[in-house]
Each structure stands twice: as C-alpha cells, then as structure tokens.
Number of protein chains: 2
Amino acid sequence: MINEDTICAISTAPGTGGIAVVRISGTEAISICNKLFIPHTKGKDLFKQKAYTLSYGVIRKNDEDLDNVLIALFHAPHSFTGEDTVEITCHGSIYIQQQIIKLLVDNGCRLAHPGEYTERAFLNGKMDLSQAEAVADLIASTSAGQHRLAINQMRGGFSNELKTLREQLLHITSLMELELDFSDHEDVEFADRSELKTLAGHIETVISHLADSFSTGNAIKNGVPVAIIGETNTGKSTLLNVLLNEEKAIVSDIQGTTRDAIEDTMNIQGILFRFIDTAGIRETHDAIETIGIERTFNKLDQADIVLWIIDSSDAGRQIEELSGKIFPHCKGKQLIIVFNKIDLIDKNLTTISERLPESVQSICISAKHKSNIHELQDLLVQVANIPALSSNDIIVTNIRHYEALKHALDSIRRVQSGLACDLSGDFISQDLRECIFYLSDIVGEVTTDQVLGNIFSKFCIGK
Amino acid sequence: MINEDTICAISTAPGTGGIAVVRISGTEAISICNKLFIPHTKGKDLFKQKAYTLSYGVIRKNDEDLDNVLIALFHAPHSFTGEDTVEITCHGSIYIQQQIIKLLVDNGCRLAHPGEYTERAFLNGKMDLSQAEAVADLIASTSAGQHRLAINQMRGGFSNELKTLREQLLHITSLMELELDFSDHEDVEFADRSELKTLAGHIETVISHLADSFSTGNAIKNGVPVAIIGETNTGKSTLLNVLLNEEKAIVSDIQGTTRDAIEDTMNIQGILFRFIDTAGIRETHDAIETIGIERTFNKLDQADIVLWIIDSSDAGRQIEELSGKIFPHCKGKQLIIVFNKIDLIDKNLTTISERLPESVQSICISAKHKSNIHELQDLLVQVANIPALSSNDIIVTNIRHYEALKHALDSIRRVQSGLACDLSGDFISQDLRECIFYLSDIVGEVTTDQVLGNIFSKFCIGK
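Basis of the calculations
- Residues numbered from 1 in each chain as written.
- Chains lettered and ligands numbered in written order.
- Predicted model: local features only at pLDDT ≥ 70, side-chain atom pairs only at ≥ 80, totals over all residues.
- Heavy atoms only, no water.
- Salt bridge = Lys/Arg side-chain N within 4 Å of Asp/Glu carboxyl O.
- Helix = DSSP H or I, 4+ residues; strand = E, 2+ residues; numbered from the N terminus.
- Buried < 20%, exposed > 50% of the residue type's maximum accessible area, 1.4 Å probe, protein only.
- Contact = heavy atoms within 4.5 Å.
- Buried area = accessible area lost by both parts, 1.4 Å probe.
- Polar contact = N/O pair within 3.5 Å; in protein donor to acceptor, adjacent residues only side chain to side chain.
- Nonpolar A, V, L, I, M, F, W, Y, C, P; charged D, E, K, R; others polar.
- Phe/Tyr/Trp six-rings, centres within 6.5 Å; stacked < 30°, edge-to-face > 60°.
- Lys NZ or Arg CZ within 6 Å of the ring centre and 35° of its normal.
- Axes fitted to C-alpha atoms, helices over the stretch in contact; angles between N-to-C directions.
- Parallel < 35°, antiparallel > 145°, perpendicular 65-115°, else oblique.
- Least-squares fit on C-alpha atoms with pLDDT ≥ 70 in both.
- Pairing = 2+ DSSP bridges.

1. Observations regarding the pattern of salt bridges
1) Next: Scanning all chains against the criterion turns up 38 salt bridges over all chains.
2) Next: With its nearest N and O atoms 2.7 Å apart, the salt bridge here joins B:Asp65 to A:Arg155. Here B:Asp65 is found in strand E5 (residues 64–74), whereas its partner A:Arg155 is found in the loop between helix H5 (144–154) and helix H6 (157–181) on a different chain.
3) Next: As a salt-bridge pair, A:Asp314 and A:Arg317 come within 2.6 Å of each other at their nearest N and O atoms.
4) Next: Since its relative accessible area comes to 32%, A:Arg317 is described here as partly exposed.
5) Next: Via salt bridges that share partners, A:Asp5, A:Glu83, A:Arg110, A:Glu116 and A:Arg120 belong to a single interconnected network.

2. Topic: the environment of A:Asn233
Residues and elements named next belong to chain A.
1) Next: Mapping Asn233 onto the fold places it in the loop between strand E8 (224–230) and helix H8 (236–251).
2) Next: On the accessibility criterion, Asn233 (67% relative accessible area) is exposed.
3) Next: Note: C-alpha distance between Asn233 and Ile310 (77 residues apart in sequence) is 9.3 Å.

3. Looking at the environment of A:Val383
All names here are of chain A.
1) Next: Considering the arrangement of structural elements, one finds Val383 in helix H12 (residues 373–384).
2) Next: Separated by 222 residues in sequence, Val383 and Glu161 have C-alpha atoms that sit 30 Å apart.
3) Next: Excluding its chain neighbours within four sequence positions, the residues that come into contact with Val383 are Ile305, Gln334, Ile336 and Gln361.

4. With respect to the interface of chain A and chain B
1) Next: Opposite the 63 residues of chain A that make contact, chain B presents 62 residues.
2) Next: Between chain A and chain B the total buried area reaches about 5400 Å² when both faces are included, carbon and sulfur atoms providing 64% of it.
3) Next: Looking at the side of chain A facing chain B, the largest losses of area belong to A:Ile19, A:Leu54 and A:Tyr95, adding up to 12% of the total buried there.
4) Next: Here B:Glu64 and A:Arg148 are joined by a salt bridge, their closest N and O atoms 2.7 Å apart.
5) Next: Taken together, chain A and chain B are joined by 14 residue pairs in polar contact (both at pLDDT 80 or more).
6) Next: Secondary structure elements with two or more residues in the side of chain A that touches chain B: strand E2 (19–25), strand E4 (54–61), strand E5 (64–74), strand E6 (85–91), helix H2 (94–106), helix H4 (129–140) and H5 of chain A.
7) Next: When residues of the side of chain A that touches chain B are assigned to their parent elements, the largest contribution, nine residues, is made by E5(A).
8) Next: Among the residues forming the side of chain A that touches chain B, the class breakdown is 30 nonpolar, 22 polar and 11 charged.

5. Focus on the packing of aromatic side chains
1) Next: In this structure the tally under the stated criterion is 12 aromatic pairs over all chains.
2) Next: Ring geometry for A:Trp308 against A:Phe327: centres 6.2 Å apart, planes inclined by 85°, an arrangement best described as edge-to-face. Taken as a pair, A:Trp308 in strand E11 (residues 305–311) and A:Phe327 in helix H10 (residues 315–329) lie far apart in primary sequence, 19 residues in all.
3) Next: For A:Trp308, a relative accessible area of 0% corresponds to the buried category.
4) Next: Using a relative accessible area of 24% as the deciding quantity, one classes A:Phe327 as partly exposed.
5) Next: Grouped by ring-pair contacts, the aromatic residues A:Phe122, A:Phe456 and A:Phe459 constitute a single cluster.
6) Next: Above the plane of the ring of B:Tyr117 lies B:Arg23, whose end atom (NZ or CZ) is 5.3 Å from the centre.
7) Next: Over the face of the ring belonging to B:Phe80 we find B:Lys463, whose NZ or CZ atom lies 4.3 Å from the ring centre.

6. Some words on the packing of helix H4 (residues 129–140) of chain B against helix H15 (residues 449–457) of chain B
Residues and elements named next belong to chain B.
1) Next: Orientation of H4 relative to H15, taken along the N-to-C sense of each, is 25°, at an axis distance of 10 Å. When the axis of H4 is compared with that of H15, the two are roughly parallel. Listed contacts from H15 to Leu129, Ala132 and Glu133 of H4 are Leu452, Ile455 and Phe456.
2) Next: Each residue belonging to the contact of H4 with H15 can be placed in one class, and the counts come to five nonpolar, no polar and one charged.

7. What to know about the relation of the copies chain A and chain B
1) Next: Note on the copies: chain A fits chain B at an RMSD of 0.2 Å, the axial shift is 0.0 Å, and the rotation between them is 180°. Accordingly, the operation relating the two chain copies is best matched by a two-fold axis. Taking C-alpha positions as reference, the residue of chain A nearest the rotation axis is A:Thr53, located at 2.1 Å.
2) Next: A symmetric contact is evident, with 98% of the interface residues of chain A recurring at the interface of chain B.

8. Comments concerning the sheet that holds strand E8 (residues 224–230) of chain B
Residue and element names in this part refer to chain B.
1) Next: With mixed pairing, six strands are arranged side by side in an open sheet as E9-E10-E8-E11-E12-E13. Sheet topology places strand E9 (265–268) and strand E13 (361–364) at the edges, where each strand pairs with a single neighbour. Taking each pair of neighbouring strands and ignoring which way they run, the sheet shows an average axis angle of 30°.
2) Next: In terms of strand pairing, strand E11 (residues 305–311) meets strand E12 (residues 334–340) through seven bridges, oriented parallel.

Structure (structure tokens):
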C-alpha cells in the first residue's frame, strides 16, 4: 500500500504569489511539521493543537528563520485525504516554497505524485472514483457549464444514480440466482419474469439516457466544435480575433487572475466553443490546392456548427460557386452563413438570403467594425442548443464512464433479449453480473491499479 | 481613510492550481462571507466560530453550490492586516477563483489594490514601512541571500537599528533645545559638547556603515553584474547557456515549482549574478562596427565582474590585440580571462597566463564539453566576494532607504562640523531634526501619501 509514506507538495498554482500553501499528508505529517515549527505562543506545539485550528509561528532551517507561516491542522479521518494533514501557508516566493519542500523531504516526507492526495482520498473511502475524477474536472473547468457538471459529479450525483441502478440489478440477480439454486424444482420461479422485464426495461432506459447525455457532456467539457470556412480574404481570422478579444475583455474584468491560453477556444455566454481552423477555399485546378480544400472539407466532419464566411460585396458569386460543395458536407450540422464586410455594400442581401435553403441561417456582420458580433454570438449559443442544466441534472462528461456505460448497455440489452426468449436463468444472470461490473468500474470498485494510475497521473501535483 | 472598505483578492499565484486562497479583510469581512457560506455542521455560522479556526462548508451562488471550501477566520487586531480577515481556500480552477471574487464584489467587497493588505498592516501599526517593504522583497526573493536580507528586515532588524539611532538623536536634540530655552543665561550649557561630539561621531559611523552596506545589499538583491566580452565566435553564448542550464537542472529537482524566467540572471551557490550581454569585439576599421564596440565597452561600466572569453586556439593574438583596449576599462573591476575551447589545443597556456598582470585571474574551460564549469562558478563566487551574512546582519537593500540614509548622513555631518566650530545650538538643532526626519522616513513615520502609493503599487495584488 502506498499509504505508508507521508507526502508533501505545493498545492497552490506554480509561480510567485502573495501566499502559497504546502500540503503534507500521512501518519507522520504532524510530527514532521512539529519538528520544523516554532509556535508564536510558547509551548503551543502542534500536538497540543486541536483539529481545524490555525497556528501562527516560524519555520526554521538550520537555526535560521525560513518564514513566518500559518499552520492548519486536520486529524484523520476528518481531512481531504482521510489522513492526518498539515497545510502550511507561507509567503509566496518561489525560493521559500522550494526551501519548505526541501526541508520536508529532508525530514522524511516524500514528494507527492500528481493527484496523489485525491488518490488517497479515494483509497481511504472519502470519495468514489467518479467523484475523484470530478475533482480534476472541477480544477480544469473554465466555463459555468463545465463547473456545474464537475461539482455535481464531485458531490455524488452521478454516483447515487449508479448506486440505485446497481441495487436494482443486484435485486434481479439475487432473485435469478435463488431460482438457479432451486433449478431441480422445475416449477419454482422466484423471479417474476414480467416484473423482471419491466425492471430491465427501466434500467436500459436510464443507462441509455446516461450514455446519450455524453454528447452534451462532451460539448460542455471539451467545447462545441465550430468550423469557420470560406474563401480566402473573406475575413475569417479577423472574425476569430474579434470573438477572442471580446472574451479576453470580459475575463480581464476580474483583476488578479490570468487565463490559460487555449488556442481558439472561447467561452460565450457560459458555453465553451472550440473553433476549428480551415484553409481558405479557392476555385482551383491546381492539384495541390485541391488537396488542401479536401482537407478543409474533411475538417467539417468534426464540427457541429459550420460558419461559412462570405464577403458581402461578392456574395452572389460565392454562394453560386460553393453551395454545391459545402451544403452536402453540412448534413446533420448547423450551418450559419455569415455575410461579412457588410459595411462595404449599400444594397441589402435579402434576395440572396431568400434563395438559401430553409435549414440555413444567415447573419450580416462587419468583423472589422465589430458590428453585429453580439448577435452572431447569440446565434451561436442558440444553434449550439445546449440544454439549460439544473444543478441536479446528471450528465456524463468522462469518456471512460461513457465507454463503461456503453458496455453496461450492451449487457442489459442482452438481459432483455434473454428474458424475451425465455433464456435460462444462468445465462441471464451472467449478463446481469457483467452489467453490474461495468457500473462498478465507474465508481472504482473493480478498477485495476493500472487504470487508477492512468486516471491520477493526469491530475496536477498538489491535488 | 481607505480602511473603511472591505477588500478582497486572490492571494495565491495566478493560474490553475490544486487549491487557491481568496483573502477578505475589513469590518464587513465576516458578515459578507457568512452570507455566502453554508457550514457543513448546521448552525455553525462564522459568527459562532472562534478566531484561528477553520470551517468546512459550501459557497453558494444563486442557490447553486459554487465550491466546497475551507474558511479561516481571524479577528481584529490579530490578523496580518490588523482587521477582521477571512481566508477562503477553494479549488484552484480559474473559473471558481473568478466566481468567488465576483460574488464577494456583488456582496459589498471591493477588489484590493496591489499591496493593499500590507499597506493596511502598515497603517494599522502591525509593521513599519521598512518591514512592509520587506514583505514585497521576501515574495520576490529567489536566492538564499535575498531571502535572508528580506526576512531579517521584515522581522524588524533594520527598524530596531534605526529606532536606536533616532532615540540617540532625540536625546541630543532635547538637550540642545533645552539649552535654547535658557539662551538668555549665557553660561548655561545643558548639553555637554564633548559628549555630543562623541555621540554624533558614533551616529555618523553607524549611518555611514548602513549606507555603505547598500553596495552589498544591492548586489544580493539585484544580482552581481557580470559582463561577458570577447571576440565573436569565442563561445560567449554557449557558456551563458551552459551556466543557465546548470541552474535550471538544480531548480527542476524540486517538482511542482516553476521558475520565473529572468533573462540572464542566475543563482550560483546562493548568490545572484546578472549577466550583461555584449556584442562580439572585432578588430575593424568600419565606422558602424566601431560604434558597436564602443557600446560594448560602455556596458563594461555597469559590471563588477568582467569575463573575457578567449578562443584558446588563438589566445596569443587575441590577448595581444585586445589587452590594450580591455584592461583600461576594467579598472576597479574583477577581470577573469576565460580560455574557452581548451579541448581544441594540446599545448598548455602557462606561458600566456604568466604574461598577464597579477590582478587578472584566468581559467581554462570548454563550454561545449562542459568541462571546468563548476570551477568557473567557484571563481565567480570567490571574486564576487559577497560577505557571508548571518541572519542578524543589517544590510540596506532598498534604494529609497539608501537615499534617505545619504541625506541623514549629510545632516549628521553638518551637525559634526557645527559642533566642531561651536555653531549656535539652533543651527545644530535644525540639522539634528533633519537627520531624524530622514531616518523616520524609512520606517514611514513622516512619509507622504504619494510615496506610500508608489511603494505599495509595486506589490502584487493579494498581498
């Protein structure tokens, strides 16, 4: 068991700040810190402090003061990890942060692996695996939607749903297996088959609903994919920059925070959009150019929304030449035609718009003069059609969970067909057990060390 | 007074981390946080919690959970600022950090200005101005030397020294002024002039010693300036990269910390060196090239140490041609001749080294093969000649303090010459008051709002 070591790490963001927090967890956490800490109030060492208190004092190294610190104390099992935990709040210089970590390591701590605090919380039964995974999602969340899904999952919404399902499945299984024990007596049928069918049908509906929610969950977590296409020089990159700058302006309203630069991803009205860059389309007979255009069309396949940017001063020709190529690639997608450079023309585009198929929406903007940009954003949000989620909605956002749900769905469907054709109880029971296995995998009850290693290695150090 | 507002800011480093800390300070700190916080233990609201305790619970926004948080409580005057203070430890997502700040602002907090917490600590008498300035130095410190000076200053070493000086000066002043009150009685001389002379001499020694310490303090704080010069293609930038990489390797031993990239500044054995880049020197008759070389020599003036890099395979010629130009520019500096590419030659350079002036040190290295780099580092540390400081040494590191000390020194020297030529008490008294004024300026007793504004605006937000 890895739980024997006492681990330490800087838990706040890397770099210089006003303050930083170093977290120490494990059986020796309090005794190691107590050796290094001189409390401000004499005699008040950490062993004499109650849990959930703060102690002010000095961390000393080789008889020299390293820093004035606050020490927060947590006693097992009432801490995040479930172990004895000490959090040292120090001044946020990189030098001090490094020195405190060095000092802790010199005194018997081990540097924590990425996600090791959360892994310990999981191993010590403080949360299940889907909740632990939600901790990483919560920290990575940059939009209201991502945040809401992560916090709901972390608080156990999804886990409770799975627990109910597993209880129902176990109920059927136990009835089926009781029946098997009495299989000599042909006429015994503990499990009322029609009741079983109803229950299996209900479980299938719930699992399939959860699996279906992944497309919404994925759009919220990874962003709604939007392709921007059009001829060269229609203003695609100007538009992208305008949209990105709008967002930056909002973000920088709040001082003291910086934004991780994610190329071409932006948050519009709480919904994350992921913009897919494409090469400009040109009518060409050049073989190499044609390959480039093929690539552009292939990229369309990844998109849910397509923004086709058209230079308004030349709208008729572009629509005539390209519609035949673009429309077939946009089946099942939301296509928005964006008439850019609207300031350059005086006629209006009503006649052109009217000739477009009904499924195609259009909007007139000027990226350069930033006119109608908010209307375009509204339109994007509208066609993204992300359902308004309440904090209680259960939405699957994790591909590992989605895959387990797909397997569980296959199993429960085999149960259903088994019941339908009166298959013998032992076959059905095996499919039921398989379904339970996949649901248990999500909460980490049957998960292998390798899978655990995979999950936690993606966390940041210090969490 | 600015102290009426309740202020909030993210106090940990900007960006995503495992956790982040939001600090709220002011009379409304507890009541504002209490409105947003649902404690895990029912009924245990923040007003019922003792100071120096942690409360676990949830921050809510519009009936939705924003995050699970820990709340640390401090009651005035027993906090960093001296005011009621709440520290919210939340998950370190940028989204959550922003939302908590927004929520606090919506509920009556104001965003803190840079350094405003420390400014309040100063205004509320928790520390004097030189201690407050040391907080910023402590956070910015990247080497053991910088750190030691900052923590000593923060803990009041310098302030105590100044306090002693001011008490002595006030003692003289009061005697001088008492004398003035009785100036009608010609023979009254309360202040024993020879005693005054001794005391003024002592004060002059201490102030002058403090002012002199600034050259050491400045070298420790801003780095010892080192110019690397030499002909083109002698390996100057290879050497610089090798030195920088050595340091990076040491720094990255400690996981979870990143280093602020400071171009060409490096920490060697706890001493900071600041490398000054120069253009390669070439023998030339071209007017423009000559200007470039002039610039190189001008840059030498900023350096305390000069590393002259010479290609070993061509050492004799380079020394012959350039010595006459370089040596005169290195008066009062430490010149080290670095014979690079030592691997390319089989003869040794003893005869050349022997012809160098005694004051010039030399070393043979290969930057490319990283041989003798540690010896070069040792040599740099040796010639930097930074005195080994104990934690009690008082070293001036701040240019504002240095300038005030220079003024104080002028004043006390005028006092000395006044005493020497039996100047009347009222003139001497005025110089004494001036000396006290400048020393008081350092600890912030007579400092103007504008100076305060200048000082604290250089802090980071959240401290």
